Amino acid sequence: MTTVLISGANRGIGLELARQYAADGARVIAGVRDPGAALALKAISGVEVHTLDVADEASVQAFHQAVGELPVDILIANAGVGGGRSVLGELDFDRWLQTLNVNSLGPVRLAQAFLPNVKASADKKMVAISSTLGSTSTHAGDMFAYRASKAALNNAWVGLAAALKGEGLTFLLLHPGWVKTDMGGAGAQITPAASAEGLRERIAEAGPALSGRLFAYDGEPLPW
Ligand SMILES: NC(=O)c1ccc[n+]([C@@H]2O[C@H](COP(=O)([O-])OP(=O)(O)OC[C@H]3O[C@@H](n4cnc5c(N)ncnc54)[C@H](OP(=O)(O)O)[C@@H]3O)[C@@H](O)[C@H]2O)c1
């Protein structure tokens, strides 16, 4: 049985990924900030819900202890925050730092803690949900905090791929599309279901040869 670990699975893309993987017969380990409030997630059979704040190293360690030595085939670092408007003249540097902590350091905290679990699995895949807004070459001069946080995430994931090259692991960066969630807004282009379907296809077809690469949910390679 495939084991999939997903952070930020309380709502949005993470919740839909949990739903689809569980429906597919996978064992899903979900990390959420407040399990008591994760009613939709807890209603899905085949999902184990744990407390996880990816911005807090002690919380990541406690989550790892709760999961133990269980092999994890696919780790999906999905938890993220929008970072606010973050435009020149109004930059809130404390909020920028919080955004970096969740979006850039959070996925790497998870990757470091769960590396033995992923190494011990059959699939050995670590996926970070990034964004096309993290591509430096297409920076539009807005959303400074969010863009920088995803650019730093991309850089770190390429670093992990390089550090562990030859060990059979796959570090994949995926843009989920512009998705109708609390973060993407009601005017976004695609549903969480369509995004999660595409993400799962990309994850299924990826192997070590694609480690350190950045794609959209529909398979389009994205610029750095
Ligand atoms: N929606 C889009 O159009 C879009 C586009 C590009 C990339 N993305 C990326 O896709 C991922 C999922 O986004 P989404 O649209 O599903 O967003 P969302 O609906 O706002 O959900 C974000 C999830 O992340 C969780 N989270 C936030 N901070 C956390 C922390 N410190 N520790 C653990 N969990 C935390 C939230 O938990 P709570 O429920 O407890 O608040 C929530 O479950 C994010 O990485 C985002 O940057 C989204």
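Residues numbered from 1 in each chain as written. Predicted model: local features only at pLDDT ≥ 70, side-chain atom pairs only at ≥ 80, totals over all residues. Heavy atoms only, no water.

1. As for the overall build of the chain
For clarity, the threshold we go by: For helices the rule is a DSSP run of H or I covering at least 4 residues; for strands it is a run of E covering at least 2, with both sets numbered from the N terminus onward. Our radius of gyration is a C-alpha quantity, and the globule rule it is checked against amounts to 2.2 Å times the number of residues to the power 0.38. Each residue gets one of three labels from its accessible area relative to the maximum for its type: buried under 20%, exposed over 50%, partly exposed in between, using a 1.4 Å probe on protein chains only. Note on areas: these come from Shrake-Rupley sampling with a 1.4 Å probe, and a residue is covered only by the protein chains present in the view. All tallies of charge rest on Lys and Arg as positive and Asp and Glu as negative; His and the ends of each chain are not included. Taken as the charge centre is NZ of Lys, CZ of Arg, CG of Asp or CD of Glu, depending on the residue.
Summing up its helical and strand segments, the chain has 6 helices and 7 strands in all. Along the chain, helices (α) and strands (β) appear in the sequence β-α-β-α-β-α-β-α-β-α-β-α-β when read from the amino end. The C-alpha radius of gyration computed for the chain amounts to 16 Å, which stays within 12% of the reference 17 Å derived for 224 residues, consistent with globular compactness. In terms of its C-alpha atoms, the chain occupies a principal-axis envelope of roughly 50 × 40 × 35 Å. Every one of the 224 residues in the chain was classed for burial, and the buried ones make up 50%. Carbon and sulfur atoms make up 54% of the accessible area of the chain, which totals about 10100 Å². Where the 18 positive side-chain charges of the chain centre and where its 21 negative ones centre are 2 Å apart.

2. Topic: the side chain of R147
Looking at where R147 falls in the secondary structure, it is placed in helix α5 (residues 144-163). For R147, a relative accessible area of 6% corresponds to the buried category.

3. As for the environment of L41
Basically, it comes down to this: Any two residues whose heavy atoms approach within 4.5 Å are treated as being in contact.
Turning to its location among the elements, L41 is positioned in helix α2 (residues 39-42). Through-space distance from the C-alpha of L41 to that of F144 is 32 Å; in sequence the pair is 103 residues apart. Dropping the residues within four chain positions of it, L41 is found in contact with A9, L15, A18, A30, V32, V47 and V49.

4. What to know about the packing of aromatic side chains
The relative placement of two aromatic rings is captured by the distance of their centres and the angle of their planes. Operational definition: Each Phe, Tyr or Trp ring (for Trp, its six-membered ring) is paired with any other whose centre lies within 6.5 Å, and the angle between the two planes then decides the class: stacked below 30 degrees, edge-to-face above 60, tilted in between. Should the NZ of a Lys or the CZ of an Arg lie within 6 Å of a ring centre and within 35 degrees of the ring normal, that charge is described as sitting over the ring.
Taken as a whole and assessed by the stated rule, the structure comprises 4 aromatic pairs. Ring pairing ties together the aromatic residues F93, W96 and F144, which thus form one cluster. Between the NZ or CZ atom of R200 and the centre of the ring of Y21, over which it lies, the distance is 5.4 Å.

5. A look at the site of the ligand
Note the following rule: One heavy atom within 4 Å of a molecule or strand is enough for the residue carrying it to be called near that molecule or strand. Definition of a polar contact: a pair of N or O atoms within 3.5 Å, with one able to donate and the other able to accept a hydrogen when the atoms are protein atoms, and with sequence-neighbouring residues admitted only if both atoms are side-chain atoms.
Of all residues adjacent to the ligand, which total 29 residues, the nearest are N10, R11, R33, Y146 and T181. The backbone of G8 places a nitrogen or oxygen atom 3.4 Å from an oxygen atom of the ligand. At 3.5 Å from a nitrogen atom of the ligand is found a main-chain nitrogen or oxygen belonging to G184. Surface burial for the ligand is 94%, taken as the share of its 900 Å² of free accessible area covered by protein chains. Mapped onto the shell around the ligand, the elements with two or more residues apiece are α1 (12-23) and α5.

6. Overview of the nonpolar core
How we decide: In plain words, nonpolar cores are sets of buried Ala, Val, Leu, Ile, Met, Phe, Trp, Tyr and Cys residues tied together by side-chain atoms within 4.5 Å.
Within the largest apolar cluster, 32 residues are counted, with the highest numbers of intra-cluster contacts made by F63, L75, L110, F114, M126, W157 and F171. By residue number, the principal contributor to this core is helix α4 (residues 93-119), which donates 7 residues. Those residues within four positions of F63 in sequence are excluded, and the remaining contacts are L5, I29, A30, G31, H50, T51, L52, L110 and F114.

7. Notes on α1
An α-helical turn contains 3.6 residues, so any two residues separated by three or four positions project in the same direction. What counts is decided by this rule: One less than the residue count of a helix, multiplied by 1.5 Å, gives the span that helix is expected to have.
With 12 residues, α1 ought to run about 16 Å at 1.5 Å a step, and its terminal C-alpha atoms sit 17 Å apart, in line with that. Three or more residues of α1 are buried, namely I13, G14, L15, E16, L17, A18, Q20, Y21 and A22. Those residues of α1 that are buried lie in contact with β1 (3-7), β2 (27-32), α2, β3 (47-51), β4 (74-77) and α6 (192-205). One or two residues past the end of α1 sits G25, with phi positive at roughly 95 degrees.

8. Here we look at the side chain of Q20
Within the secondary structure, Q20 sits in helix α1. Setting aside chain neighbours within four positions, we find Q20 in contact with A193, A196, E197 and R200.

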